[in-house]
Each structure stands twice: as C-alpha cells, then as structure tokens.
Amino acid sequence: MCEGTCPAVFTITDEGTAKAIDGEVPAEAEASAAEAMDGCPVGAIEQA
C-alpha cells in the first residue's frame, strides 16, 4: 500500500515487504510519504 501511495520513497522487496529509501525524503514526496505513514494498516511506518 505504501509503495502505491509514495513510490518515490517506498519499494517492495523480493520478500514482499516494503522498504523506505535511505536518507532524506525528497521535498516533493513529503506529503505522499506522510499519507503512506498515516494509512499504514499495521502502523509500521514512523517518522524519524
């Protein structure tokens, strides 16, 4: 779900789990990254 909401930040691994990019979230992706965090069905995304 997070990759669909914010593909600039999240990818799906070969194991089928989501992984965030290393480093800073690009400014243009901040709103969609926050939306992905808020919409995470298992609450696994947190802001650093």
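All chains use their own residue numbering, which begins from 1 and follows the written sequence. The predicted origin of the model limits local features to residues at a pLDDT of at least 70 and limits the giving and counting of side-chain atom pairs to 80 or more, whereas totals for whole chains, interfaces and linings rest on all residues. Side-chain metrics rest on all non-hydrogen atoms present in the structure, leaving aside hydrogens and water.

### Some details on the overall build of the protein
For the protein, the count of helices and strands is two helices and two strands. Helix and strand definitions follow DSSP, with helices as H or I runs of at least four residues and strands as E runs of at least two, each counted in order from the N terminus. Going residue by residue from the N terminus, the α and β elements of the protein occur as α-β-β-α. Exposed residues in this analysis have more than 50% of their type's maximum accessible area, buried residues have under 20%, and partly exposed residues fall in between, with area computed by a 1.4 Å probe over protein chains only. In the protein, which comprises 48 residues, the share counted as buried stands at 19%. Within the protein, contacts between residues at least 6 apart in sequence are counted, and of these 33% link residues at least 24 apart. Note on areas: Shrake-Rupley with a 1.4 Å probe; residue coverage comes only from the protein chains shown. For the protein, the exposed area adds up to about 3600 Å²; of that, 51% sits on carbon and sulfur atoms. In this description, contact between two residues means that some pair of their heavy atoms is separated by no more than 4.5 Å.

### Structural notes on the pattern of salt bridges
The salt bridge definition used is simple: a Lys or Arg side-chain nitrogen within 4 Å of an Asp or Glu carboxyl oxygen. All chains considered together, the criterion is met by one salt bridge. Lysine 19 serves as the salt-bridge partner of aspartate 22, at 3.9 Å between the closest nitrogen and oxygen. A relative accessible area of 69% means that aspartate 22 is categorised as exposed.

### A look at the confidence of the model for the protein
The predicted model of the protein has a mean per-residue pLDDT of 91, with 100% of residues at 70 or higher. pLDDT is defined as a per-residue confidence score from the predictor, taking values between 0 and 100. Taken element by element, the predicted model of the protein shows its lowest mean pLDDT in strand S2 (residues 18-20) (91) and its highest in helix H2 (residues 30-39) (94).

### Re the nonpolar core
Among buried residues, those of type Ala, Val, Leu, Ile, Met, Phe, Trp, Tyr and Cys that are joined through side-chain atoms within 4.5 Å constitute a nonpolar core. Cys2, Cys6, Val9, Phe10, Ala29, Ala33, Ala36, Cys40 and Ile45 together form the largest nonpolar core, which totals nine residues. In this structure, valine 9 is in contact with Lys19, Ala20, Ile21, Val25, Pro26, Ala29 and Ala33, ignoring residues within four places of it in sequence.

### Digging into the layout of surface pockets
Put plainly, a pocket is an open set of points on a 1 Å grid over the protein atoms alone with protein on both sides within 12 Å along at least five of seven lines, a cavity is a set where a 1.4 Å probe fits but cannot get out, and a lining residue has an atom within 4 Å of a point. Grid points are joined across faces, edges and corners, and a volume is the space filled by probe spheres set on the points. Each pocket or cavity is described by its volume, and for the largest pocket that value is around 430 Å³. Considering the residues around the largest pocket, the lining is formed by 15 residues, among which Val25, Ala33, Glu46, Gln47 and Ala48 are closest to the centre. The dominant element in the lining of the largest pocket, judged by the number of residues it contributes, is H2, at four residues. Asp, Glu, Lys and Arg are counted as charged, while Ala, Val, Leu, Ile, Met, Phe, Trp, Tyr, Cys and Pro are counted as nonpolar; the rest, among them Gly, fall into the polar class. Along the lines of polarity and charge, the residues of the lining of the largest pocket split into ten nonpolar, two polar and three charged. As a volume, the second largest pocket reaches approximately 240 Å³. Forming the boundary of the second largest pocket are 16 residues, of which Cys2, Ala18, Cys40, Ala44 and Ile45 lie nearest the centre. Residue assignment for the lining of the second largest pocket shows that the elements contributing at least two residues are helix H1 (2-5), strand S1 (10-12), S2 and H2. In terms of residue class, the lining of the second largest pocket is built from twelve nonpolar, two polar and two charged.

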